[in-house]
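Listed below are the residues making up each chain.
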Amino acid sequence: MSESTELENCFKKNQIIPDVVTVGPKSLLKIAYQGNLQVDKGNELTPSQVKEPPTLEWPNEDATYYTLIMTDPDAPSRKNPTFREYQHWLVANIPGGAVEKGDVLTAYIGSGPPKGTGLHRYVFLVFKQNGKVKFNEEHIPKNKGSSRGKFNTMQFVKKYKLAELVAGNFYVAKWDEYVPQVHKQLSGK
């Protein structure tokens, strides 16, 4: 079985297809958090472990731009996703694989699933762009939660005519003692 077929099956089994995207990624997005914690197709990590932005690696071309989306389709819970999708990170116009050189549209925040809502899926997607794009989205800082909900990956992809889904991966997380700090940060305090 090819890597893309295996990923597509994994995305379907975990309902990322159809909750977030309509097709699976071509390649596995390599994601590493501090302490060499790896994201691996739905493994469980804690909010305490994912406080800081991870490093990312995917098959890329130097002269190509990419868009990175990190989203939670289970906000506020998987049973009642009234805020589907909740943006956790959005970086556009990434040259090659250099995320730090891209345009941050939504600043990174780690996982913050409310207490008692079970496991949330945190989905990372990298789309190839058809050249550099002028994005007219609101820039959302780390301390603003109000504009992050009800994002729609597929509408965003269509709006900006993004090309293929080059790479993807995801983990799951549930509430831990760090979550109140995430919520406080998002309230602007």
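Above this note sits the structure.
Analysis parameters
Residues numbered from 1 in each chain as written. Predicted model: local features only at pLDDT ≥ 70, side-chain atom pairs only at ≥ 80, totals over all residues. Heavy atoms only, no water. Helix = DSSP H or I, 4+ residues; strand = E, 2+ residues; numbered from the N terminus. Buried < 20%, exposed > 50% of the residue type's maximum accessible area, 1.4 Å probe, protein only. Contact = heavy atoms within 4.5 Å. Polar contact = N/O pair within 3.5 Å; in protein donor to acceptor, adjacent residues only side chain to side chain. Pairing = 2+ DSSP bridges. Arc of directions from axis to C-beta.

Draft legend 1. Broad picture of the environment of Arg78. Mapped onto the elements, Arg78 comes out in the loop between strand S6 (65-72) and strand S7 (86-95). On the accessibility criterion, Arg78 (35% relative accessible area) is partly exposed. In the structure, Arg78 is positioned 42 residues away from His120 in sequence and 6.7 Å away in space, judged by C-alpha atoms. Discounting chain neighbours no more than four positions away, the residues touching Arg78 are Asn14, Gln15, Leu119 and Arg121. Polar contacts involving the side chain of Arg78 include one to the side chain of Gln15, which spans 3.1 Å.

Draft legend 2. Spotlight on the sheet that holds strand S5 (residues 55-57). If you walk across this open sheet you meet the 3 strands as S3-S2-S5, and the pairing is antiparallel. At either margin of the open sheet sits one strand with a lone partner, and together these are strand S3 (37-38) and S5. Of the strand pairs in this sheet, strand S2 (residues 30-33) and S3 are connected by 2 bridges, and their pairing is antiparallel. Residue pairing across strands places Ala32 opposite Gln38, the latter belonging to S3.

Draft legend 3. Local environment of helix H4 (residues 179-186). What H4 keeps buried is the set Val179, Val182 and Leu186. Buried residues in H4, looked at end-on, bunch into an arc of 55 degrees, giving them a common side. Contact partners of the buried residues in H4: S7. One or two steps after H4, the chain reaches Gly188, where phi turns positive at roughly 90 degrees.

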